[in-house]
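What the coordinates show
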Amino acid sequence: MTPTPESPFQYKSDELHCEGVPLAKIAAEVGTPVYVYSRSELERAYKSFDAALEGMPHKVCYAVKANSTLGVLAVLAKLGAGADIVSYGELFRWQKAGGDPGKVVFSGVGKTESEMKAALAAGIHAFNVESEEELYVLDQVAQSMKLRARVSLRVNPDVDAGTHPYISTGLKTNKFGITMEECRELARRASKLPGLEIIGVDCHIGSQLIKTAPFADAIARLVALITDLRSDGVHLTHIDIGGGLGIDYGKGDVVPSPAEYGAAVRDALAPLAALGVTLVTEPGRVLVGAAGALVTTVLFRKRNEAKHFTIVDAAMNDLMRPALYGSFHPMKPVAQPGRPDIVTDVVGPICETGDFFARDRNLPELAQGELLWIGAAGAYGAAMASNYNTRPRVPEVLVSGSTYTVIKPRETYEQLIAGERLA
Ligand SMILES: *Cc1c(COP(=O)(O)O)cnc(C)c1O
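Keep in mind it's a predicted model, so treat the numbers as computed, not measured.

1. Here's the deal with the site of the ligand
Around the ligand, the structure places 14 residues, and the nearest of them are Lys 65, Ser 207, Glu 282, Arg 285 and Tyr 380. Here Gly 244 contributes a backbone N or O atom positioned 2.8 Å from an oxygen atom of the ligand. One nitrogen or oxygen atom from the side chain of Tyr 380 is found 2.6 Å from an oxygen atom belonging to the ligand. Burial of the ligand by the protein chains amounts to 94% of its free accessible area of 390 Å². Split by residue class, the shell around the ligand holds 3 nonpolar, 6 polar and 5 charged.

2. Points about the domain arrangement of the protein chain
Each domain of the protein chain was delimited in the assignment, giving domain 1 (9-37 + 289-417) and domain 2 (107-283). The distance between the C-alpha centroids of domain 1 and domain 2 comes to 35 Å. The interface of domain 1 with domain 2 comprises 10 residues on the first partner and 9 residues on the second. Taking both sides of the interface into account, the surface hidden between domain 1 and domain 2 amounts to around 770 Å²; carbon and sulfur atoms contribute 67%. Counting across the domain 1 and domain 2 interface gives 0 salt bridges. In this assembly, domain 1 and domain 2 are joined by 0 residue pairs in polar contact (both at pLDDT 80 or more). When its residues are assigned to classes, the side of domain 1 that touches domain 2 shows 7 nonpolar, 2 polar and 1 charged.

3. Thoughts on the packing of aromatic side chains
Tallied over the full model, the rule gives 5 aromatic pairs. Here the aromatic rings of Phe 215 and Tyr 261 are separated by 5.0 Å at their centres, their planes lie at 85°, and the arrangement is edge-to-face. Remark: Tyr 261 occurs in helix α9 (residues 258-269) and Phe 215 occurs in helix α8 (residues 213-231); sequence separation between them is 46 residues. Accessibility classification places Phe 215 together with Tyr 261 in one group, the buried group. Every member of this aromatic cluster is reached through a ring pair, and the members are Phe 49, Phe 215 and Tyr 261. Over the ring of Phe 356 we find Arg 359; its NZ or CZ atom is 3.8 Å from the centre of that ring. Over the ring of Phe 328 we find Arg 361; its NZ or CZ atom is 3.7 Å from the centre of that ring.

The rules behind each value
- Throughout this document, residue positions are counted from 1 along each chain, in the order its sequence is written.
- Two thresholds apply to this predicted model, a pLDDT of at least 70 for residue-level local features and 80 or more for giving and counting side-chain atom pairs, whereas whole-chain, interface and lining totals are computed over all residues.
- For the side-chain quantities, the full set of heavy atoms in the structure was used; hydrogens and water were omitted.
- Nearness is judged by heavy atoms alone; a residue qualifies as near a molecule or strand once a single heavy atom is within 4 Å of it.
- Under this definition, polar contacts are N or O atom pairs within 3.5 Å; protein pairs additionally need one hydrogen-donor-capable and one acceptor-capable atom, and for neighbouring residues in sequence, both atoms have to be side-chain atoms.
- Here the open area of atoms and residues is found with the Shrake-Rupley method and a 1.4 Å probe, where only the protein chains shown may cover a residue.
- Put simply, Ala, Val, Leu, Ile, Met, Phe, Trp, Tyr, Cys and Pro go in the nonpolar bin, Asp, Glu, Lys and Arg in the charged bin, and everything else, Gly too, in the polar bin.
- Throughout, the edges of the domains are those of an automatic or database domain assignment.
- We call two residues contacting when some pair of their heavy atoms lies within 4.5 Å.
- Buried area: the accessible area, evaluated with a 1.4 Å probe, that two parts lose upon being put together, summed over both parts.
- What counts as a salt bridge is simple: a side-chain nitrogen of Lys or Arg found within 4 Å of a carboxyl oxygen of Asp or Glu.
- Only Phe, Tyr and Trp rings are paired, with Trp represented by its six-membered ring, and only when their centres lie within 6.5 Å; those with planes under 30 degrees apart are stacked, over 60 edge-to-face, the remainder tilted.
- The helix and strand labels rest on DSSP assignments: H or I over at least four residues marks a helix, E over at least two residues marks a strand, and numbering proceeds from the N terminus.
- The buried label goes to any residue with under 20% of its type's maximum accessible area, the exposed label to any with over 50%, and the partly exposed label to all in between, with areas taken from a 1.4 Å probe on protein chains only.
- To sit over a ring, a charge needs its Lys NZ or Arg CZ within 6 Å of the ring centre and within 35 degrees of the ring normal.

This is the structure:
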């Protein structure tokens, strides 16, 4: 077991810091709610994931949807990461952040023709094609541009990732990918289409996986498919195993380290070792999750016969995971941790019962105006934020050592209504 790396969020003289910067300082200068990311943790996470795959020819294509803020993308692009995108918008962001389009794979069940065109024009590495109809449309689009689109066929390996139903994607009942049975025949047919070059197969079985066995099962199925296709005369050079490695949300789960994940992947890929196949991975959460936190201010407390509530200035539109999946996020007061706990629900101001961050949580009793740290919020936090209840999106800050940069300012009310007009 590799010990969990130390969080970039640590108390120093009873004040919670991100690296060398007190969170209270950021809150005072930028306001709350605010997302705070640690640059050193982003770098550490990327490097340790990449190192875990050492010795296998591989590409790490960061899943942009986990956190698509330019200042975050730029850190990963600079380290040499590729990107897994699910829309043209994400490619637009990736290129604006200095990312290499030649290292991009394009996933998603519903790409439009204009997205295909733009991605082909940018010269992306591969399209992860998820249905037969998509394959024929992509062929036509590429031919119309006198190009050949590199294609990886996304199969649905029908393995249970053992995660939340909303983020499990590798089961027959999910909308993703092509069935194993169809894929062999389809790959043979697709390899004859003039606008396409079939380079590989891929899968993505789900998110927040806390076991390596489902990855190994899925890879075994892709390996068998690649081997079968060789005997059909289709030589694939690319195996994309998606993302999905989980992180520690402070709930007591034991999550595999990237090194353990890498070892399981290496074992499962052993039958392909001599075939010159490149491994592609699409990690999202594991690269950015632990690097980020949402800092919020306690507005009010109240108690009724049943419960104690802590009402904060952040809400489900800023961090949707608890409302969407019932997810658990660790929480700490920003100042003076050593106080007796009370049991409280931490809730936001939105008019929805789903607007909560924690239920029946043991937390040091927070005073009005105090700051609360909501951890492990770097992935699927800011990226899923909305303007629901006409709340401006919150600022995002990147800390590096003892300095920080506002990589996204708080949205203004004018920006929030920009482009709207009366009929
Ligand atoms: C969401 C997604 C990922 C990233 O998943 P994580 O759990 O954040 O690693 C990778 N690939 C595809 C196709 C996805 O949809």
